[in-house]
Amino acid sequence: MKRKISKKGVLCWMCALLVVAGCAVNPVTQESQLSLMSPQQEVATGQQLYPIYTQMSYGLFQDPVLQDYVHTVGKRLAAVSHRPNMPYEFNVVNGSEMNAYALPGGKISITRGMITKLQNEAQLAAVLAHEIGHVSAMHHATFYTRQTVAGLLMGVGSAVLQSAGVGGADLISQAGLLAANLVLMKYSRDQERQADELGMEYMVRAQYNPAGYVQTMAMLQEEGQRQPSLLESFFFNHPVTTERIVASNRRLEKYGPSLRTPEALRQGPFQERTAYLRQVAPAYALMDEATKELADGNGSRAVSILRRATSEAPREALIWVHRAVAEKKAGNDTEAVAAARRAVDLYPEMYHANYVAGVVLFEERSYRESLERLNAANKAVPDQPSVIFYMGRNWEALGQRDQAARAYYAVLKKVQKGPMAQYCYQRLVSWGYLR
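In this convention, every chain numbers its residues from 1, walking through the sequence in written order. In keeping with the predicted nature of the model, local features appear solely for residues at pLDDT of at least 70, side-chain atom pairs appear and are counted solely at 80 or more, and the whole-chain, interface and lining totals rest on all residues. As a rule here, side-chain values come from all non-hydrogen atoms in the structure, and water together with hydrogens is ignored.

Undergrad: Sorry if this is basic, but what is going on with the packing of aromatic side chains here?
TA: Ring pairs (aromatic) are described by centroid distance and by the angle formed between their planes. Stacked, tilted and edge-to-face are the three classes assigned to paired rings of Phe, Tyr and Trp, where Trp is represented by its six-membered ring and a pair needs centres within 6.5 Å; plane angles under 30 degrees give stacked, over 60 edge-to-face, the rest tilted. Taken as a whole, this structure holds twelve aromatic pairs when the rule is applied. Relative to tyrosine 276, the ring of phenylalanine 61 has its centre 6.1 Å away and its plane inclined at 35°; by these criteria the two rings are tilted. Remark: tyrosine 276 occurs in helix α14 (residues 275-295) and phenylalanine 61 occurs in the loop between α2 (39-56) and α3 (64-78); sequence separation between them is 215 residues. Only protein chains enter the accessibility calculation, which uses a 1.4 Å probe. A residue is then buried if its area is under 20% of the maximum for its type, exposed if over 50%, and partly exposed in between. On the basis of relative accessible area, phenylalanine 61 is assigned to the buried category, the value being 1%. Only DSSP runs of H or I covering at least 4 residues are called helices, and only runs of E covering at least 2 are called strands; the numbering of each starts at the N terminus.

Put into structure tokens, the structure is as follows:
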């Protein structure tokens, strides 16, 4: 006969399990806190997610000078942080929005759109130091722990209460999903305040003018009022409030005048290392304009703008990707294929370039070349339903029904509604794989 366990007993068991899981000493506060993410897990999670999130953020901005510069500034700040031994990495991703984010383990990205708006190295340092502050204060581990515990508590249902032996294996079962959501976490107000304080502290330790921090926050607030859509991602994760700006101004005063000099803003090196970015910025502005035109149904206008953009910045793969899409929607099939191939030639590892090329080539019946591009896209960002779907369409066109069926089944495991799911379901039924 099974012995019933009270709700109180289940909660006691869970508390004991959490205690066994261990506590960690926060390197900033020097206080013990519950943490279900060890430093080793944190590093491993960041290493796994960093290449994927880089690709989902439109890949690396293709300027090795700027990439090296941002990495150097970031490492200079990380070295004076509370967790200097984390394997920090810094890169510039090619999103037009103004954003920056940190993954677990010190993997930090800043967008091309953000850097375009900055004016000196101290402002760049402010953005990177703020993200380092989140890493130093273990905000990712705190979020992971909170979400895991919440999932545990929500799971206390009849099935658990009816069992005499409550297994602990499910404690880690959501790790993949939680890890994938870590970059999308919305920091609490207290965490943002702490990252502000730490960010300015790290700037001062690294000999930057801390006024750069206040300049950056004021610029972000102004841009948010002027162009809210540009800052949607940043304000979701890092809401810049008047209270935070006032607090940063007050904090600035305590550091005194020694570093508050024009030289410590380091405008010269910043202007030098961002020269190529400023050179291609007008072409990217055209790309963003064309994207809006395409969304409004003005296909021919979008094509015209993007042809001008690729002429002004012929080395930028992302602009060629947008051009390929616009040319295809305008019915310019030959131009679409050429633009897609050009994008892949410029950036062979880029997810968006390979995916768009795969779709365009499929529709041109170049099935094997399309499969090659889609396989490259799947390698960059694994298991995206739309990529798998077009792989299936290629296998189907090549007469490889079993391989197509496996692809369609994989799509249905991820997507249950919409035209793509309907197509997969109908094919599997008509072929006798489903009833």
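Undergrad: Sorry if this is basic, but what is going on with the pairing of strand β4 (residues 100-103) here?
TA: Within a regular strand, the side chains alternate between the two sheet faces. Side chains Ala100 and Ala102 project from β4 onto one buried face, and the interleaved Tyr101 and Leu103 project onto a second face that is buried too. Two strands pair if DSSP finds at least two bridges between them. Sheet topology note: the β4/strand β5 (residues 107-111) ladder contains four bridges and is antiparallel. From the neighbouring strand, alanine 100 faces β5, where its bridge partner is isoleucine 110. Hairpin remark: β4 followed by β5, antiparallel, with three residues in the connecting loop; positive phi at glycine 105, about 80°.

Undergrad: I keep staring at the environment of arginine 76 and nothing clicks. Help me out?
TA: With respect to the secondary-structure elements, arginine 76 resides in helix α3. Classification of arginine 76 by relative accessible area gives partly exposed; the value is 32%. Taking C-alpha positions, arginine 76 is 9.2 Å from alanine 125, a pair spaced 49 residues apart along the chain. Not counting residues within four places of it along the chain, the set of residues in contact with arginine 76 comprises Glu121, Ala206, Gln207, Tyr208 and Arg266. Any pair of residues with heavy atoms lying within 4.5 Å of one another is described as a contacting pair.

Undergrad: Explain the confidence of the model for the protein here, please?
TA: Detailed reading of the predicted coordinates is not advisable wherever pLDDT is low. Across the protein, pLDDT averages 84, with 80% of residues at or above 70. Across residues 10-20, confidence stays below pLDDT 50; counting only partners more than four residues off in sequence or on other chains, it has 18 contacts. Predicted confidence is poor over residues 149-184, with pLDDT under 50, and the contacts of this stretch with residues over four places away or in other chains come to 56 contacts. For every residue, the predictor reports its confidence as pLDDT, a number between 0 and 100.

Undergrad: What is the right way to look at the environment of proline 382 in this model?
TA: Of note, proline 382 is situated in the loop between α19 (367-380) and α20 (385-397). Residue proline 382 is classed as partly exposed on the basis of its relative accessible area of 36%. Once the C-alpha coordinates of proline 382 and isoleucine 52 are considered, the two residues, 330 residues apart in sequence, prove to be 8.2 Å apart.

Undergrad: Explanation requested: the packing of helix α5 (residues 121-136) against helix α10 (residues 211-226) in the structure shown.
TA: Two packed helices can be described by the angle between their axes and the distance between those axes. Packing of α5 against α10 leaves a shortest axis separation of 8 Å and a crossing angle of 80°. As judged from the angle between their axes, α5 and α10 are roughly perpendicular. Of the residues in α10, those touching α5 at Ala122, Gln123, Ala126, Val127 and His130 are Gly212, Tyr213, Gln215 and Thr216. To obtain each axis, a line is fitted to C-alpha atoms, and for helices this fit is confined to the stretch in contact; angles are then taken between N-to-C directions over 0 to 180 degrees. The cut-offs work like this: below 35 degrees is roughly parallel, past 145 is roughly antiparallel, 65 to 115 is roughly perpendicular, and the gaps in between are oblique.

Undergrad: So what exactly am I meant to see when it comes to the environment of glutamate 293 here?
TA: Tracing the backbone through its elements, the reader meets glutamate 293 in helix α14. Relative accessible area serves as the criterion here: at 18%, glutamate 293 is assigned to the buried category. Considering only alpha carbons, one finds glutamate 293 and isoleucine 305, twelve residues apart in sequence, at a separation of 9.2 Å.

Undergrad: How should the pattern of salt bridges be read in this particular structure?
TA: In a structure, side chains of opposite charge can pair up when their charged atoms sit close to one another. Salt bridge, as used here, is a side-chain nitrogen of Lys or Arg placed within 4 Å of a carboxyl oxygen of Asp or Glu. Per the stated rule, a full pass over the model turns up 21 salt bridges. When the shortest N-O distance is used, the salt bridge between glutamate 312 and arginine 308 registers 3.2 Å. In this pair, glutamate 312 and arginine 308 both sit in helix α15 (residues 299-312), four residues apart, roughly one turn of the helix. What makes glutamate 312 partly exposed here is its relative accessible area of 40%.

Undergrad: I'm lost on the pairing of β5 in this one. Help?
TA: Of all the five residues making up β5, five are buried; the element is thus mostly covered by neighbouring parts of the structure. By the alternation rule, side chains of β5 split into Lys107, Ser109 and Thr111 and Ile108 and Ile110, which are all buried. The sheet contact formed by strand β3 (residues 89-93) and β5 spans five bridges and is parallel. Bridge pairing in β5 places asparagine 91 opposite serine 109.

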